[in-house]
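Architecture and fold: a report
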Amino acid sequence: MQKNKSKHCEYISAEKKSSKMECDFLTAKSAEKVYDFVSTSDDYSCTPLVALDSLADRYGVKKIYVKDESKRMGLNAFKGVGVFYGVARIICEKLGLDISETSFSDFMKPEINEKLRKLTFIAATDGNHGNGLAYVTKMIGCKCVIYMPKNTTKPRVDLIREKGAEVFVTEYNYDDTLRLVIDKAAESGWVHFQDQAWEGYKEITNLISEGYTIIAHECMKQMNEDGVSQPTHIILQAGAGTFAFGILGYFVNVLSDSKPQMIISEPKNANCYYQSAIKKEYINVTGELETIMAGLAVGEANIAAYDYLYNWVDGYASCDDVVSARGMRILANPIGDDKKVVSGESGALGFGLLSMICDHEDYSDIKEKCNIDENSIVLLISTEGNTDPEMYEKIVWNGAYNII
Ligand SMILES: Cc1ncc(COP(=O)(O)O)c(C=O)c1O
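Residues numbered from 1 in each chain as written. Predicted model: local features only at pLDDT ≥ 70, side-chain atom pairs only at ≥ 80, totals over all residues.

Overview of the pairing of strand 4 (residues 120-124)
- Extensive coverage of strand 4 is indicated by the burial of four of its five residues.
- Where strand 4 and strand 5 (residues 143-148) come together, five bridges link them in parallel fashion. Bridge pairing links Ile-122 to Val-145 in strand 5.
- Note on the crossover from strand 4 through helix 6 (residues 128-140) to strand 5: the handedness is right-handed.
- Of the strand pairs in this sheet, strand 4 and strand 7 (residues 191-192) are connected by two bridges, and their pairing is parallel. The partner of Ile-122 across the bridge, within strand 7, is His-192. (Buried ≥ 20, exposed ≤ 12 C-beta atoms within 10 Å, placed from the backbone. Helix = DSSP H or I, 4+ residues; strand = E, 2+ residues; numbered from the N terminus. Pairing = 2+ DSSP bridges. Right-handed = clockwise from strand over helix to strand, strands pointing away.)

Written as structure tokens, this is what we have:
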């Protein structure tokens, strides 16, 4: 155990409540439906689940699994799979097709593709959602318009432009950029495809969450193949919570009688779930939302996800940037025979939190509150790889954002 001077993670246990509130579109069946469609594309393959056994020994837990979503669809992040399924569902709706009888190759048929070429999708994004949408729309043949918040780094903009999307960087933070896109979509009649929900806009984001169930389904299958029946703990990072909703919804359905401990981690400057848990009501976080975790810089929780997550989640952590930076460094420099995982700023937060509470005695109270001990099987999802090479080098090579 190392000593640490100031608190980089704050944690609040959730109030006791029923964990039985299942969501009917986040189930094992949903995951199979998602798989049946997305696996018809050559771009689909199951991403690796890395077992960090040497680190588990050091941290005094039974198992640590990290799902490496940098390998998802060649996009360096998890987002593409939710976007792919969601876009496909919207297209099926528009063309009167049934997704369970549709394959990706149907979209390539000339009579269908001609209609798809007339469709434009628009979204606000910090990077990964827009990158996924640009990729999927290009693959299918639709047009794509993307708006990004100020302070978006050039590599993130370039990545999306390279895929043929029209990209604009605004003068606003993410939430205000989203408001701008809502107006643009209303003016243009384009399909507003957002990974965030608000009153009157839930359908698309729910489809994206449904798409993410395939990630959870793969984790269960891979753990079972490794002789492990289920995780006891799942620590996920949240921006709007659309991702956590899909993943945790699946586990609540599949493991309803042995629900794992579910923990949400957020950046301190964009900790809307943590603040809501403290105030016991839905709270928006405003301002610059400044953090290196660009994908998590969201101050408004997805309202379609919020009530469910409130019911399922056992605790919320609010973390400084140094927590994810530490997670990135440890994943990049494994011990023993453990495999390296390349994880970006937003991808490494859940793991960074685990590393802090297992390695530093100042955080052992959080470890206790989470009931993490020698029997724990902890599942983490590294949701992105090295999506910002300059920042990755600064952190992993040059030690920026150190806890000392
Ligand atoms: C890498 C990464 N991880 C996690 C998230 C969080 O997803 P959500 O906003 O659905 O909570 C994002 C969102 O963009 C992301 O880009």
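There is more to say after this.
Details of the sheet that holds strand 3 (residues 63-68)
- In spatial order, the strands read 1-10-9-8-11-3-2; together these seven strands make up an open sheet with mixed pairing. Every interior strand has two partners, whereas the edge strands, strand 1 (9-13) and strand 2 (49-51), have only one. Strand after strand, the sheet turns through a mean of 20 degrees between neighbouring axes, direction not considered.
- Sheet topology note: the strand 2/strand 3 ladder contains three bridges and is antiparallel. (Axes fitted to C-alpha atoms, helices over the stretch in contact; angles between N-to-C directions.)

Focus: the site of the ligand
- Taken together, the neighbourhood of the ligand is formed by 20 residues, with Asn-128, Gly-239, Thr-242, Gly-295 and Thr-383 sitting nearest.
- The element that contributes the greatest number of residues to the shell around the ligand is helix 10 (residues 242-254), accounting for three residues.
- Of the residues that make up the shell around the ligand, three or more belong to each of domain 1 (9-76 + 204-397) and domain 2 (79-202). (Near = placed C-beta within 6 Å. Domains from an automatic or database assignment.)

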